[in-house]
Amino acid sequence: MTLPNTYADGNCPLARTLEVVGERWTLLIVRDAFYGVRRFGDFATQLGIPRAVLTSRLKSLVQEGVLSRESDGAAGVEYRLTDKGVALWPAVHALMNWGEAFYSPNGVKRLLRHDLDGGLLDPDGRCRECGSAVPVPEIRSEPGPGHRPAGGAGDPVSDAINTPRRLLEPIAPAPTRD
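One structure accompanies this document, and this report is about it.

### Looking at the side chain of His 114
Inspection of the secondary structure puts His 114 in strand 3 (residues 110–114). There is a polar contact of 3.1 Å between the side chain of His 114 and the side chain of Glu 138. Apart from residues no more than four positions distant in its own chain, His 114 is found in contact with Gly 119, Leu 121, Cys 127, Cys 130, Ser 132, Val 134 and Glu 138.

Spelled out as structure tokens, the structure:
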């Protein structure tokens, strides 16, 4: 359910932003797109989201220009962050930092590093090693000291996300069985 758009003065960019990304699951879809998830089935597997809800959220994100929907020939359809979607990174990063600060008593669950020199990112997205503001494609994500792997055999999407890798790097589709 979206927020009503009958604001007193019609000038609230936060309310408009929440209309686009404020529904339950939406930012988790965007987060996973940063982690390289691109296929409908991989989003469904990783998030445990009802398929009808995922369909609705993906359609909305495509309509808003946050994701693009691209046919990859025989491989199927992929959803990719657009420039508008990548521009959400500072907000996603800030929310992740807030969650780490207040809800990760065993330590940071995910480390973000500058892939070029290995320096950790500070809360503002600057490399602590070289001091540069790190663009999203140069950020490497890896499990941190507070990361607790799920019990049992992991699925290929979770395994890929929990392997050190650059943001936006696509997760390879699972091999097909003949």
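After presenting the structure, the write-up continues.
### Focus: the environment of Ala 87
Of note, Ala 87 is situated in the loop between helix 5 (83–86) and helix 6 (89–103). Each C-alpha atom, one on Ala 87 and one on Val 136, is 9.2 Å from the other, the two residues being 49 residues apart in sequence.

### Some thoughts on a nonpolar patch on the surface
A contiguous nonpolar patch, built from Trp 98, Phe 102 and Tyr 103 and spanning about 430 Å² of accessible area, is present on the exposed surface. With respect to the element layout, Tyr 103 can be found in helix 6. Residue classification places Tyr 103 among the exposed residues on the basis of a relative accessible area of 57%.

### Quick word on the pattern of salt bridges
A full pass over the atoms with the stated rule returns 13 salt bridges. Across the pair Asp 32 and Arg 31 runs a salt bridge, and its minimum N-O distance is 2.9 Å. Measuring nitrogen to oxygen at the nearest pair gives 3.1 Å for the salt bridge that ties Glu 142 to Arg 113. Of the two residues, Glu 142 sits in strand 4 (residues 139–143) while Arg 113 sits in strand 3, which places them 29 residues apart along the sequence. Residues joined in a network through salt bridges with shared partners are Arg 38, Arg 39, Glu 70, Glu 78 and Arg 80.

### With respect to the sheet that holds strand 5 (residues 165–166)
If you trace the 3 strands from one edge of the open sheet to the other, you get 3-4-5, paired in antiparallel fashion. Each having just a single partner strand, strand 3 and strand 5 make up the two edges of the open sheet. Two strands pair when backbone bridges link them, and strand 4 and strand 5 are joined in this way by 2 bridges, in the antiparallel orientation. Bridge pairing links Ser 141 to Arg 165 in strand 5. Here helix 6 sits on the sheet and contacts strand 3 and strand 4; the angle it forms with strand 3, its principal contact strand, is near 135°.

### Concerning the pairing of strand 1 (residues 67–71)
Examined bridge by bridge, strand 1 and strand 2 (residues 77–81) share 5 bridges and lie antiparallel to one another. What sits directly across from Arg 69, in strand 2, is Tyr 79. Where strand 1 hands over to strand 2, the hairpin turn is made up of 5 residues, of which Gly 73 adopts a positive phi near 60°.

### Some remarks on the environment of Leu 116
Relative to the assigned elements, Leu 116 resides in the loop between strand 3 and strand 4. Using a relative accessible area of 56% as the deciding quantity, one classes Leu 116 as exposed. Note: C-alpha distance between Leu 116 and Val 134 (18 residues apart in sequence) is 9.6 Å.

### Some thoughts on the nonpolar core
Among the nonpolar cores identified, the biggest contains 35 residues, and Ile 29, Val 30, Phe 43, Leu 67 and Trp 89 are the most heavily contacted of them. Of all the secondary structure elements, the ones that give two or more residues to this core are helix 1 (13–21), helix 2 (26–34), helix 3 (40–47), helix 4 (51–63), strand 2, helix 6 and helix 7 (156–161). The element best represented in this core is helix 2, accounting for 4 residues. Among residues more than four places away in sequence, those in contact with Leu 67 are Ile 29, Ala 33, Leu 58, Leu 61, Val 62, Tyr 79, Arg 80, Leu 81 and Thr 82.

### Notes on the packing of helix 2 against helix 6
Direction vectors running N to C along helix 2 and helix 6 enclose 105°, while the axes themselves pass 11 Å from each other. Here helix 2 lies roughly perpendicular to helix 6, going by the angle between them. Touching Leu 27, Val 30 and Phe 34 of helix 2 are Trp 89, Val 92 and Leu 95, all from helix 6.

Each value, and the rule that gives it
- Residues numbered from 1 in each chain as written.
- Predicted model: local features only at pLDDT ≥ 70, side-chain atom pairs only at ≥ 80, totals over all residues.
- Heavy atoms only, no water.
- Helix = DSSP H or I, 4+ residues; strand = E, 2+ residues; numbered from the N terminus.
- Polar contact = N/O pair within 3.5 Å; in protein donor to acceptor, adjacent residues only side chain to side chain.
- Contact = heavy atoms within 4.5 Å.
- Patch = residues over 30% accessible without salt bridge, like charges linked within 9 Å, V, L, I, M, F, W, Y side chains within 5 Å.
- Areas by Shrake-Rupley, 256 points an atom, 1.4 Å probe, with all protein chains shown as cover.
- Salt bridge = Lys/Arg side-chain N within 4 Å of Asp/Glu carboxyl O.
- Buried < 20%, exposed > 50% of the residue type's maximum accessible area, 1.4 Å probe, protein only.
- Pairing = 2+ DSSP bridges.
- Axes fitted to C-alpha atoms, helices over the stretch in contact; angles between N-to-C directions.
- Core = buried A, V, L, I, M, F, W, Y, C linked by side-chain atoms within 4.5 Å.
- Parallel < 35°, antiparallel > 145°, perpendicular 65-115°, else oblique.

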